[in-house]
Amino acid sequence: MESQKNYKNFWNEKAATPTSAFIAVDGSTNEETARLTGAYSAHQVSAALDLQPGDRVLELGCGVGRIGHEIAPRVAHWEGTDISSNMIDVARDRLKAHANVGFTELARSDLQPLADGSFDKAYCVAVFIHMDKEDFYLYLEDLARVLKPGGLLYFDVWNMASAVGWRRYAFEIEQHRVSDPAARKDVARNQFSCPEEVRIFLDRAGFDLTLLLSDSPWVQAIAVRRGSSADLEALRNYADSVSARVAYSPLWTELFDAIINVATGKLAPEVLWKDLADDSRGEEIPMFREWFLGLWKGNEQTWGKAPR
Ligand SMILES: C[S@@+](CC[C@H](N)C(=O)[O-])C[C@H]1O[C@@H](n2cnc3c(N)ncnc32)[C@H](O)[C@@H]1O
């Protein structure tokens, strides 16, 4: 498709309306679901980065401000950057109550508009999974540039080294197997990584790793920008101490796997829906219930009528 040849027009097309923008960021079909999933992600980010009221924080690939909406009230300045002006329009509207936010539309895959050493902390969730590895790496170099020495970075990428991560990858592989070999691959298709790749990229880009989590479909990394007298051991001890708050929980992974099974026809949606009725199983249940319901509504042709 001619109009989907670069990241910018791909994501602008995905975010052609506010509703489609919500769906494109994480499958949330409404504000309520985006608040639930945004709070979950913001909790991970806050713990990973040890967010403080005085921090200047950068989000790369902010989308509709799903996470920024929760983070902005807790910090001195929150800057949302994105390649898509349509995404930024939705985020700007959602965060209009906050005076301490800024937005930067990126012309291409770099942080060129942002000054060297201008942020204390940065994060990037579900963004590097949608770009070529070269762009992922170059963004890490640029993040090292815009962070102050000693600044902290948190991000995630799909983890093909985990069992559930591999099943998510296999879903893509099966679609590829039956695709037209002459068709150009989507520029923003899901890309998969493994922990070793993340280690190498961070080291080469000028970061010291403080925590790498890989027991879920995600590789999650916390790293510190080199070049300061920061006590690496203390930062690693801190990261270890918050690892349970940063990691995707076993229940999250189990429910995500169940969604893959529904998507691949191995599990009836009604069975998962029944499992999602019991809130006492964990805080993830209400979030997954809303999330799954939205997915079901978008798949009624194959899954049958959604329960509500
Ligand atoms: C799946 S969404 C995630 C949004 C947000 N991080 C969240 O978790 O809600 C991916 C976002 O990354 C943005 N994006 C994709 N490619 C990008 C690139 N090369 N540079 C900057 N942003 C990009 C998209 O426009 C979109 O808003």
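Being a predicted model, the structure only gives us computed values, none of them experimental. (Residues numbered from 1 in each chain as written. Predicted model: local features only at pLDDT ≥ 70, side-chain atom pairs only at ≥ 80, totals over all residues. Heavy atoms only, no water.)

## Overview of unusual backbone geometry
So, step 1. Residue Asp 50 is not a glycine yet carries a positive backbone phi of 50 degrees.
So, step 2. For Asp 50, the location among the structural elements is in the loop between α3 (31-49) and β1 (56-60).
So, step 3. With a phi angle near 60 degrees, Ala 126 is a residue other than glycine that sits in the positive phi range.
So, step 4. Mapped onto the elements, Ala 126 comes out in the loop between β4 (119-124) and α6 (133-146).
So, step 5. Take Ala 126: its relative accessible area is 23%, and that puts it in the partly exposed class. (Helix = DSSP H or I, 4+ residues; strand = E, 2+ residues; numbered from the N terminus. Buried < 20%, exposed > 50% of the residue type's maximum accessible area, 1.4 Å probe, protein only.)

## Here's the deal with helix α12 (residues 284-298)
Residues three or four positions apart in an α-helix share a direction because the helix packs 3.6 residues into each turn.
So, step 1. Taking 1.5 Å as the rise per residue, α12 with 15 residues should run 21 Å; its terminal C-alpha atoms sit 21 Å apart, in good agreement.
So, step 2. Within α12, 11 of the 15 residues are buried, leaving the element largely enclosed by the surrounding structure.
So, step 3. Residues of α12 that are buried: Glu 284, Ile 285, Met 287, Phe 288, Arg 289, Glu 290, Trp 291, Phe 292, Leu 293, Gly 294 and Trp 296.
So, step 4. Against α2 (18-26), α3, α10 (250-263), α11 (269-275) and α13 (300-303) lie the buried residues of α12. (Expected span 1.5 Å × (residues − 1). Contact = heavy atoms within 4.5 Å.)

## Overview of the domain arrangement of the protein
So, step 1. We note that the domain assignment places domain 1 (2-247) and domain 2 (254-301) within the protein.
So, step 2. Between the C-alpha centres of domain 1 and domain 2 there is a distance of 25 Å.
So, step 3. With both chains or domains summed, domain 1 and domain 2 bury close to 1200 Å², and 73% of this area falls on carbon and sulfur atoms.
So, step 4. The tally of links from domain 1 across to domain 2 stands at 1 salt bridge.
So, step 5. Residue Arg 167 is joined to Asp 257 by a salt bridge in which the shortest nitrogen-to-oxygen separation is 2.9 Å.
So, step 6. In this structure, the connection of domain 1 to domain 2 is made through 2 residue pairs in polar contact (both at pLDDT 80 or more).
So, step 7. Taken together, the elements giving at least two residues each to the side of domain 1 that touches domain 2 come down to α3 and α7 (163-177).
So, step 8. Top element by residues in the side of domain 1 that touches domain 2 is α3. It accounts for 5 residues.
So, step 9. Grouping the amino acids of the side of domain 1 that touches domain 2 by side-chain chemistry returns 6 nonpolar, 5 polar and 4 charged. (Domains from an automatic or database assignment. Buried area = accessible area lost by both parts, 1.4 Å probe. Salt bridge = Lys/Arg side-chain N within 4 Å of Asp/Glu carboxyl O. Polar contact = N/O pair within 3.5 Å; in protein donor to acceptor, adjacent residues only side chain to side chain. Nonpolar A, V, L, I, M, F, W, Y, C, P; charged D, E, K, R; others polar.)

## Overview of the site of the ligand
So, step 1. Among the 22 residues in the neighbourhood of the ligand, the closest are listed as Gly 61, Arg 66, Asp 82, Val 125 and Tyr 139.
So, step 2. One of the side-chain nitrogen or oxygen atoms of Asp 82 is found 2.5 Å away from an oxygen atom of the ligand.
So, step 3. A distance of 2.8 Å separates a nitrogen atom of the ligand from a polar backbone atom of Val 125.
So, step 4. When its residues are assigned to classes, the shell around the ligand shows 14 nonpolar, 5 polar and 3 charged. (Near = heavy atom within 4 Å.)

## Overview of the layout of surface pockets
Over the atoms a probe the size of a water molecule is rolled, and this reveals where empty space is left.
So, step 1. By volume, the second largest pocket amounts to about 180 Å³.
So, step 2. In terms of lining, the second largest pocket is formed by Leu 36, Ala 39, Tyr 40, His 43, Gln 44, Ala 244, Arg 245, Ala 247, Ser 249, Glu 283, Glu 284 and Met 287.
So, step 3. For the lining of the second largest pocket, the element with the most residues is α3, which contributes 5 residues.
So, step 4. Grouping the constituent residues of the lining of the second largest pocket by class yields 6 nonpolar, 3 polar and 3 charged. (1 Å grid on protein atoms, 1.4 Å probe; cavity = no way out; pocket = protein on both sides within 12 Å on 5 of 7 lines; lining within 4 Å. Points joined across faces, edges and corners; volume = space filled by probe spheres on them.)

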